[in-house]
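Structure assessment
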4 protein chains.
Amino acid sequence: MTQQLQLAELVAACRWLGAKGWAPATGGNMSVRQDTQWCWLSESGKDKGSLTESDFLQVSIADNTAPSGRTPSAETGLHTLIYRLFPEAQAVLHVHTVNATVLSRLVKGNRLTLQGYEMQKSLRGQSSHLDALQIPVFDNDQDISALAQRIHSGTSKEDLQWGFLLRGHGLTCWGRNVEEARRHLEGLEFLFECEILRRRLEVL
Amino acid sequence: MTQQLQLAELVAACRWLGAKGWAPATGGNMSVRQDTQWCWLSESGKDKGSLTESDFLQVSIADNTAPSGRTPSAETGLHTLIYRLFPEAQAVLHVHTVNATVLSRLVKGNRLTLQGYEMQKSLRGQSSHLDALQIPVFDNDQDISALAQRIHSGTSKEDLQWGFLLRGHGLTCWGRNVEEARRHLEGLEFLFECEILRRRLEVL
Amino acid sequence: MTQQLQLAELVAACRWLGAKGWAPATGGNMSVRQDTQWCWLSESGKDKGSLTESDFLQVSIADNTAPSGRTPSAETGLHTLIYRLFPEAQAVLHVHTVNATVLSRLVKGNRLTLQGYEMQKSLRGQSSHLDALQIPVFDNDQDISALAQRIHSGTSKEDLQWGFLLRGHGLTCWGRNVEEARRHLEGLEFLFECEILRRRLEVL
Amino acid sequence: MTQQLQLAELVAACRWLGAKGWAPATGGNMSVRQDTQWCWLSESGKDKGSLTESDFLQVSIADNTAPSGRTPSAETGLHTLIYRLFPEAQAVLHVHTVNATVLSRLVKGNRLTLQGYEMQKSLRGQSSHLDALQIPVFDNDQDISALAQRIHSGTSKEDLQWGFLLRGHGLTCWGRNVEEARRHLEGLEFLFECEILRRRLEVL
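Within each chain, residues carry numbers counting from 1 in the order of the written sequence. Written order decides the labels, with chains lettered from A and ligands numbered from 1. Side-chain atom pairs in this predicted model are given and counted only at pLDDT of 80 or more, local residue features only at pLDDT of at least 70, and totals for whole chains, interfaces and linings cover all residues. Neither water nor hydrogens contribute to the side-chain values; these are computed over all heavy atoms in the structure.

Here's the deal with the pairing of strand E7 (residues 163–166) of chain B
Along any regular strand, the residues point their side chains to alternate faces of the sheet. Residue and element names in this part refer to chain B. Applied cut-off: Three exposure classes are used, based on accessible area relative to the maximum for each residue type with a 1.4 Å probe and protein chains only: buried under 20%, partly exposed in between, and exposed over 50%. A run of H or I in DSSP counts as a helix once it spans at least four residues, and a run of E counts as a strand once it spans at least two, with each numbered from the N terminus. Pairing between strands is defined by DSSP: at least two bridges between them are needed. When the strands point away from the viewer, a crossover counts as right-handed if the path from the first strand over the helix to the second runs clockwise.
Here E7 shows a buried face lined by Gly163 and Leu165 and a second buried face lined by Phe164 and Leu166. Relative to E7, strand E6 (residues 133–138) runs parallel, the two being bridged by two bridges. When the sheet's bridge partners are listed, Phe138 is paired in E7 with Leu166. Crossover handedness for the path E6 to helix H4 (residues 144–154) to E7: right-handed. Sheet topology note: the E7/strand E8 (residues 170–175) ladder contains four bridges and is antiparallel. Among the inter-strand pairings, Phe164 is bridged to a residue of E8, identified as Thr172. The antiparallel pairing of E7 with E8 creates a hairpin that spans three residues between the two strands, and Gly168 there sits at a positive phi of about 70°.

Re the packing of aromatic side chains
As a reminder of what qualifies: Ring pairs are drawn from Phe, Tyr and Trp, using the six-membered ring of Trp, whenever the two centres fall within 6.5 Å, and their geometry is named by plane angle: stacked under 30 degrees, edge-to-face over 60, tilted for the rest. Cation placement over rings: the criterion is NZ of Lys or CZ of Arg within 6 Å of the ring centroid and within 35° of the ring normal.
Taken as a whole, this structure holds twelve aromatic pairs over all chains when the rule is applied. Consider the rings of Trp16 of chain B and Trp22 of chain B, whose centres lie 5.6 Å apart with planes at 80°: the pair is edge-to-face. Assessed through its relative accessible area of 11%, Trp22 of chain B is described here as buried. Directly above the aromatic system of Trp174 of chain A lies the positively charged group of Arg124 of chain A, at a separation of 4.9 Å from the ring centroid. Cation over ring: Arg182 of chain A sits above Trp16 of chain A, and NZ or CZ is 4.4 Å from the ring centre.

A closer look at the confidence of the model for chain A
Test applied: Confidence of the predictor at the level of single residues is captured by pLDDT, which takes values from 0 to 100.
The pLDDT averaged across chain A works out to 94; a share of 97% of its residues lies at or above 70. Here the predicted complex carries an ipTM of 0.95, next to a pTM of 0.96.

What about the sheet that holds strand E2 (residues 38–42) of chain A?
Residue and element names in this part refer to chain A. Convention followed: Only the stretch in contact is used when fitting a helix axis, every axis being a line fitted to C-alpha atoms; angles between N-to-C directions are given from 0 to 180 degrees.
The eight strands are arranged E3-E2-E1-E4-E8-E7-E6-E5 in an open sheet whose pairing can be described as mixed. Taken across any chain shown, the strands that pair with only one partner, and hence form the sheet edges, are strand E3 (56–60) and strand E5 (111–114). On average, adjacent strands in this sheet sit at an angle of 20° to one another, irrespective of strand direction. Strand direction decides the pairing type here: E5 and strand E6 (residues 133–138), joined by four bridges, are antiparallel.

Some thoughts on the sheet that holds strand E2 (residues 38–42) of chain B
Residues and elements named next belong to chain B. If you trace the eight strands from one edge of the open sheet to the other, you get E3-E2-E1-E4-E8-E7-E6-E5, paired in mixed fashion. The open sheet terminates on both sides in strands that have one partner only, identified here as strand E3 (56–60) and strand E5 (111–114). The average angle at which neighbouring strand axes cross in this sheet is 20°, direction not considered.

What about the interface of chain A and chain B?
Selection criterion: Throughout, a residue-residue contact means that at least one pair of heavy atoms, one from each residue, lies within 4.5 Å. Here the quantity called buried area is the total loss of accessible area, with a 1.4 Å probe, experienced by two parts when brought into contact, counted for both. Salt bridges are defined as contacts in which a side-chain nitrogen from Lys or Arg sits within 4 Å of a carboxyl oxygen from Asp or Glu. Nitrogen and oxygen atoms within 3.5 Å of one another constitute a polar contact, given that in protein one can donate a hydrogen and the other can accept it, and given that sequence-neighbouring residues count only through two side-chain atoms. Basically, the charged four are Asp, Glu, Lys and Arg, the nonpolar ten are Ala, Val, Leu, Ile, Met, Phe, Trp, Tyr, Cys and Pro, and anything else, Gly included, counts as polar.
In this assembly, 24 residues from chain A lie in contact with 22 residues from chain B. With both chains or domains summed, chain A and chain B bury close to 2,000 Å², and 65% of this area falls on carbon and sulfur atoms. Where chain A meets chain B, there are zero salt bridges. Applying the counting criterion to the chain A and chain B interface returns nine residue pairs in polar contact (both at pLDDT 80 or more). Taken together, the elements giving at least two residues each to the side of chain A that touches chain B come down to helix H3 (98–106) and helix H5 (178–202) of chain A. Considering each element in turn, the side of chain A that touches chain B owes the most residues, six residues, to H3 of chain A. In the side of chain A that touches chain B, the residues fall into eight nonpolar, nine polar and seven charged.

Structure, rendered in structure tokens:
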């Protein structure tokens, strides 16, 4: 089953990002799409670096319900938003990294602009460091439905083509398969780290 | 025995935090509660990342004595203070991290305020990034009895509900089980790292 | 076969630098020389930390063509430039590190000067920390032929004796064998990290 | 043989500090004392993280000669100086860390003062964070005999009781056994990292 294989790849991705410290203290959540109706999301409250396939729950993409009755991640609505907006989205990764958390607070407006980095090309469709890459930044909210609605209504699909930052919270990114979602995560995290370091030095 | 299982979990936690470099040069000390009268504390002078169950000593929660005659950690009195104040405390972790050491020196008053971070929710009972989280900061002291007395008399139980910082020294945190103490440690260390990075950049 | 052994050493070097996070999100590329006509280059789009020998393609040093028809790394022309300029070059490593990316942006001119570091001696031929070591810095370019031409025409061989930086992009370095290329990479990365930290503090 | 056991411990310490990146690009050198006349020093040009016992050479403490004819580390004279000054010295570790390299350049005078850190107690004989700990800092020199002479003549034994910094070069520290040398190294490196971070923030 294709879905089975994707879940195995997602579990491997969780182990990888957990080892990097990008989902500390049970933070973060991850998912893969099954088909147009269902996706599989990590269960709440578990250490994301040591998940197994049984720690993922089937969730309805249309209404965030979980047939099993178990509790999916608190941020389920942000995953299903991506799956509803992008039929090609197959995997969503939401992480809590120090760089994403702090950089999103330093950005005062609603987007982070990245320019002049070769690594911008790690994002699908990007071909030059000369382009000004835009990553949306949304104010954090404990009301995930309201937050998902705000992201949906205030942003074009093009703006969300790789992912978005939640201020003081973390990064959500996605891909057409787990491998691409993972490359987007690693590429964006690299760019965030560079940008923090550059801002620290260039302003002087 | 429940106590046996907790000790095994504590040894695993020590290995984990040792690998992260949070107890360098034999620094730090860790304990689990046995019951209302006794807890088990790490022995002095050992590398905390490679402890085994036999490196822990039984210590009286009431008066810090160790029946075995072996020397428990120098900071025994801070562990037993937590166990006396909080009947629900089952594990205490005291670490020496670079971020806790430096941030506690940067804070000039007697508390560190953290606000605007999603990861505040990694601490028991916290439900929003909008709250202003307070972590007490005490001046360091080589007289542990005097320090324990100062912490006890100058602080409400509510202030100590997750732990406290010792200036230029480190973090002490606790949990209702080893897993929660570990989550509190990882969450607080993440917040400290974010806060140091944010202060470095936002003041500019 | 000598070439076989070099490829095995290169694969080990890739694993080593991948583990250090110096080739994130499939970035970076690596090669070894076979003889005066051919070298072997890493294939495009693969995670450089988990390459095997079969992920390397034979490429013509004279004209960058690959007999196999498979696609070598986008930056093939920078590897073959080194092999054409330096008959003694046996291995070329091109990495994307945070320090190389950011430091190359901070340097406004066309060279980075490093002085006062004992670790300058990690570079072939260097014998004193008193010397002013020069590493060329070139503006990044998506046209690799034009970039290779610009590097070739604007720089003496002496300037390129260890490698060069591409602004906002990364470091390319080489050695008379894989071991030396690896030492040059590790030594330069150490110097870049020191220099970023020193600049952050000394300007204050 | 006691000396055999010490060498095995030293090899383990080299592996440990190599994994931490404290001896990059074949930098650094380590030794253990055999008796009043001889010590064993790491051979020049090798990766210090993967040394075996056969990579150490017997060297005369009195005159730095190596009976085997093999080349000991370039900085042999700094190791033997410690063994001549301190009969109780059993192991010497010289490392190239980023923090030691940069902090020694930031210190303009001939000593680094560390105060207010609990971790000062990781150094033999230290009992309070209130003391002002002094670590000597010497200008680097490629003439090791001259450097050793300068250290010897300009410094009291008390000043050298844990080790010293070479400006832009690294840290040399020692212990009454390998375990203590290792604890001194880990404690000092922790303090250097804290001090760099504190200076970055407190001056603002």
